Amino acid sequence: MRINTNVASLTALESNTQVNNNLTNSLEKLSSGLRINKASDDASGLAIADKLRTQANAVSQAVSNGNSAVALIQIADKAMAEQSNILDIVKQKLIQAATATTSNEGRIAIGKDIDKLLTQLNEIANQTNYNGIGLLQGSASGATSSLTFQMGESSGNVASLNATVQANTNGLSGMSGLKASAATGTWSAGDVRAHLKAVDSALNELNTWRADFGSTQNQIESAIRNMMTQVTNIKAAESVIRDVDYAAESANFNKQNIIAQAGTYAISQANQVQQNILKLLQ
């Protein structure tokens, strides 16, 4: 029997230290809610979970991009809807001015009214923008450029608005001539009739642009719904890997806690056994 090295106590201490480490790890998981708090917990699981988190964040940003794109399109659509109303009124006034029961003075008054309406049409085209991006005409009163919206995590996941819009009197067929004619103050019923077809052409152009905006919005809204489902599923997949199962971990904690208490008792008993050697010295 030897007392210089208490092997039994050292063995019990080693086991108790490991159990206490396990107990600490279990408490860390329970307090953080995560099964993986450091790479050593699950190296491969951490790599997969981090990749899933990055993917979920990227798709979430794409959803945000899509919502912004929808807002942009709706601003343009509502503005063009008002422009369409203006052209409807302009055509109504042209028909009024083209009939024989309207006097020359009446045509002059109608011309001034049409001139003001088309001026407002130009103002709408000039003022309509999203975050400084002109939507109904270019910055130099020319046509807008096509817009490409990033709708996913890869470079190919895009939605494009290909309509090049110039919804002012210079861009809408015949409207610049109508505005100039209306502003002169002198035009006959025949002059008025010559502009009726131009208004129809302008309305057709406006409706074509609106249709392109609308179809693009439908495409983007469909992509948003799909990506929102993706985000939910990706986060669920990440949760399976990263998040702690509280039922299982609570059971493990209680197990380790009981073993730790038993280990402490074992160390005290190992020390007690060595004291029996003293009886040989008495």
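Quantities reported herein were computed from a predicted structural model and do not represent experimental measurements.

Colleague: Run through the overall build of the chain, naming residues and quoting values.
Modeller: Check the secondary structure of the chain and you find eight helices and four strands. Listed by position from the N terminus, the elements making up the chain come as α-α-α-β-β-β-β-α-α-α-α-α. For a compact globule of 282 residues, the expected C-alpha radius of gyration is about 19 Å, and the chain comes in at 39 Å, more than 25% above that figure. Principal-axis analysis of the C-alpha atoms gives the chain an extent of 140 × 30 × 25 Å. Per-residue burial for the chain yields a buried fraction of 37% across its 282 residues. Of the contacts formed within the chain by residues at least 6 apart in sequence, a portion of 77% connects residues at least 24 apart. Working note: accessible area of the chain is about 15,700 Å², and carbon and sulfur atoms make up 52% of it. Separation between the mean location of the 21 positive side-chain charges and that of the 22 negative ones in the chain comes to 3 Å.

Colleague: Pulling in residues and values, what's your account of the confidence of the model for the chain?
Modeller: Across the chain, pLDDT averages 89, with 94% of residues at or above 70. By mean pLDDT, the top-scoring element of the chain is helix α2 (residues 43–98) (96), and the lowest-scoring one is helix α8 (residues 278–281) (68).

Colleague: How would you sum up helix α4 (residues 175–184)? Please name residues and give values.
Modeller: Helical periodicity: at 3.6 residues per turn, an α-helix aligns residues three or four positions apart in one direction. Turning to α4, its buried residues are M175, L178, S181 and A182. Relative to the axis of α4, the buried residues are bounded by an arc of 125° and lie together on one face. Elements that come into contact with the buried residues of α4 comprise α2, α3 (104–127) and α6 (196–242). Positive backbone phi, at 85°, marks G185, one or two positions downstream of α4.

Colleague: Before we move on, can you summarise the pairing of strand β4 (residues 158–161) with the specific residues and values?
Modeller: Every second residue of β4 is oriented toward a common face, the buried set being A159 and L161 and the non-buried set V158 and S160. For strand β3 (residues 147–150) and β4, the ladder comprises four bridges, and the chain directions are antiparallel. Looking at the pairing, Q150 lines up with V158 of β4.

Colleague: Quick one: what's the story with the pattern of salt bridges, residue by residue and with numbers?
Modeller: Enumeration according to the criterion identifies ten salt bridges in this entry. Notably, a salt bridge pairs R35 with D42, separated by 2.9 Å at the nearest N-O pair. R35 sits in the partly exposed class, given a relative accessible area of 28%. Residues R53 and D50 are paired through a salt bridge, measuring 3.1 Å at the closest nitrogen-oxygen approach.

Definitions and cut-offs
- Residues numbered from 1 in each chain as written.
- Predicted model: local features only at pLDDT ≥ 70, side-chain atom pairs only at ≥ 80, totals over all residues.
- Heavy atoms only, no water.
- Helix = DSSP H or I, 4+ residues; strand = E, 2+ residues; numbered from the N terminus.
- Rg over C-alpha atoms; globule rule 2.2 N^0.38 Å.
- Buried < 20%, exposed > 50% of the residue type's maximum accessible area, 1.4 Å probe, protein only.
- Contact = heavy atoms within 4.5 Å.
- Areas by Shrake-Rupley, 256 points an atom, 1.4 Å probe, with all protein chains shown as cover.
- Lys, Arg positive; Asp, Glu negative; His and termini not counted.
- Charge placed at Lys NZ, Arg CZ, Asp CG, Glu CD.
- pLDDT = per-residue confidence, 0-100.
- Arc of directions from axis to C-beta.
- Pairing = 2+ DSSP bridges.
- Salt bridge = Lys/Arg side-chain N within 4 Å of Asp/Glu carboxyl O.

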